Amino acid sequence: MRFGLKVNAAGWTDAAEWAGRAEEAGFDGLWTGDNLRNPRDPAVPVLDGPTVVTAWAATTSRIRVGLLIANLVFRQPTVLAKQVLTMDHVAGGRFDFGIGSGVWPTDHGMAGVPVWTARERVERLTEFVEVVERLLAGDVTDHDGPYYPYSLASMTPGPVQERVPLIIAANAPKALAVVAAHGDGWVTFPGAASEADFYEASLERLRLLDEGLGGRSVRRILLAYGAISPWESVDGFARLVERYRGAGFDEIVVYAPKDHERAVFDKVTSNLDNYR
């Protein structure tokens, strides 16, 4: 089992401190989100995700850094592909690229982008992922797709890694098909669902994903948010790991603890290898 830490920092000092803790504790990955604002409270500080990851890339030495998840609501694939290869260069090949179609109306509102139908959202995800994958592989052929046409592209220099890991957020069957076709990893989280409902839904999603993959292997990442709280107790963390390991996940990304959760976080991370 691999472990990642997701930090939605209040400022750079906060982000830098958590990066140091994550490396010291032995986390495999250090992640942040990609939203224009907090979806529930506009007073909560939100920094730009790619900028934070770039700073982490320049100030860490071992841990992999990445976005969970790059938000195509307000991004263009050509621009994002250039940002991805730049972050990969700064990180020396330690960058992981999470991408998703977005879920929050606040991102649409702040970006001035009309809210999409479910059909348009998955169509955009499909085309966006195909374009970014092609560009990062060095194919700069003009593209005349319905949502993201472009011409005269250049991707020089290319990324440091032979292939930047592409991790796709998906829950619906059509989005899971995008993972099966293009992804190096799949990430999911409960959203507003209860833990029991999410667990049962995850079993079905894993089954559908395996059918689509046809024997190909991808990372299966649980983002432990919402109804899944990793820091209630040390025993609770152990149960969480075993429950989702048994379901078929091989990676868990946990959130940076609140002040009242720090005691459990410190106990767990002092022996993180015991849970692998």
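Please refer to the structure placed before this passage.
Residues numbered from 1 in each chain as written. Predicted model: local features only at pLDDT ≥ 70, side-chain atom pairs only at ≥ 80, totals over all residues. Heavy atoms only, no water.

Would you take a moment to explain the overall build of the chain for this structure?
Of regular secondary structure, the chain possesses nine helices and eight strands. Scaling as 2.2 N^0.38, a compact globule of 276 residues should have a C-alpha radius of gyration of about 19 Å, and the chain matches this with 18 Å. Across its three principal axes, the chain shows a C-alpha extent of roughly 55 × 40 × 40 Å. Looking at the 276 residues of the chain, the share that counts as buried comes to 50%. Residue pairs at least 24 apart in sequence account for 74% of intrachain contacts in the chain once pairs closer than 6 positions are excluded. Per element, the accessible surface of the chain, about 12,400 Å² overall, is 53% carbon and sulfur. For the chain, the distance from the average position of its 28 positive side-chain charges to the average position of its 36 negative side-chain charges is 1 Å. (Helix = DSSP H or I, 4+ residues; strand = E, 2+ residues; numbered from the N terminus. Rg over C-alpha atoms; globule rule 2.2 N^0.38 Å. Buried < 20%, exposed > 50% of the residue type's maximum accessible area, 1.4 Å probe, protein only. Contact = heavy atoms within 4.5 Å. Areas by Shrake-Rupley, 256 points an atom, 1.4 Å probe, with all protein chains shown as cover. Lys, Arg positive; Asp, Glu negative; His and termini not counted. Charge placed at Lys NZ, Arg CZ, Asp CG, Glu CD.)

Before we go on, may I ask you to explain the sheet that holds strand β8 (residues 251-255) in this structure?
In space, the eight strands of this closed barrel follow the order β1-β2-β3-β4-β5-β6-β7-β8, with parallel pairing throughout. If you compare each strand with its neighbour and ignore which way they point, the axes differ by 25° on average. (Pairing = 2+ DSSP bridges. Axes fitted to C-alpha atoms, helices over the stretch in contact; angles between N-to-C directions.)

Would you explain helix α1 (residues 12-25) in this entry?
One turn of the α-helix equals 3.6 residues, which is why residues spaced by three or four share an orientation. Over its 14 residues, α1 runs 20 Å from end to end, which matches the ideal 20 Å to within 8%, given 1.5 Å per residue. For α1, every residue scored as buried is listed here: Ala15, Trp18, Ala19, Ala22, Glu23 and Ala25. The buried residues of α1 occupy an angular sector of 165° when the element is viewed end-on, so they sit on one face. Among the exposed residues of α1, those pointing more than 90 degrees away from its buried face are Thr13 and Glu24. Buried residues belonging to α1 abut β1 (2-6), β2 (29-32), α2 (49-59) and α9 (262-269). (Expected span 1.5 Å × (residues − 1). Arc of directions from axis to C-beta.)

Looking at this model, I keep getting lost on the nonpolar core. Mind explaining?
One broad rule of soluble globular proteins: the nonpolar side chains tend to lie buried together. Counting residues in hydrophobic clusters, the biggest one holds 87 residues, and the most contacted among them are Phe3, Leu5, Phe27, Trp56, Val65, Phe95 and Phe97. Looking at which element gives the most residues to this core, the answer is helix α5 (residues 118-136), with eight residues. With residues up to four places along the chain from it excluded, the contact list for Val65 reads Leu30, Val53, Trp56, Ala57, Thr60, Ala91, Arg94, Phe95 and Asp96. (Core = buried A, V, L, I, M, F, W, Y, C linked by side-chain atoms within 4.5 Å.)

Would you mind going over the pairing of strand β7 (residues 219-224) with me for this structure?
Sheet faces and side chains relate simply in a regular strand, where the side chains alternate between the two faces. Among the six residues in β7, six count as buried, and that is most of the element. Here β7 shows two buried faces, one formed by Arg219, Ile221 and Leu223 and the other by Arg220, Leu222 and Ala224. Bridge analysis of strand β6 (residues 185-188) against β7 gives four bridges, and the strand direction is parallel. Its bridge partner being in β7, Val187 is matched across the sheet by Ile221. Tracing the backbone out of β6, into helix α7 (residues 195-213) and back to the parallel element β7 gives a crossover that is right-handed. In this sheet, β8 lies alongside β7 in parallel orientation, the contact comprising four bridges. (Right-handed = clockwise from strand over helix to strand, strands pointing away.)

Help me understand the pairing of strand β4 (residues 95-100) in this model?
Most of β4 is tucked away, with six of its six residues classed as buried. The alternating pattern of β4 places Phe95, Phe97 and Ile99 on one face and Asp96, Gly98 and Gly100 on the opposite face, and all of these are buried. Of the strand pairs in this sheet, strand β3 (residues 64-71) and β4 are connected by five bridges, and their pairing is parallel. Counterpart to Gly66 in the pairing with β4 is Asp96.

The values are spatial; any link to function lies outside them.
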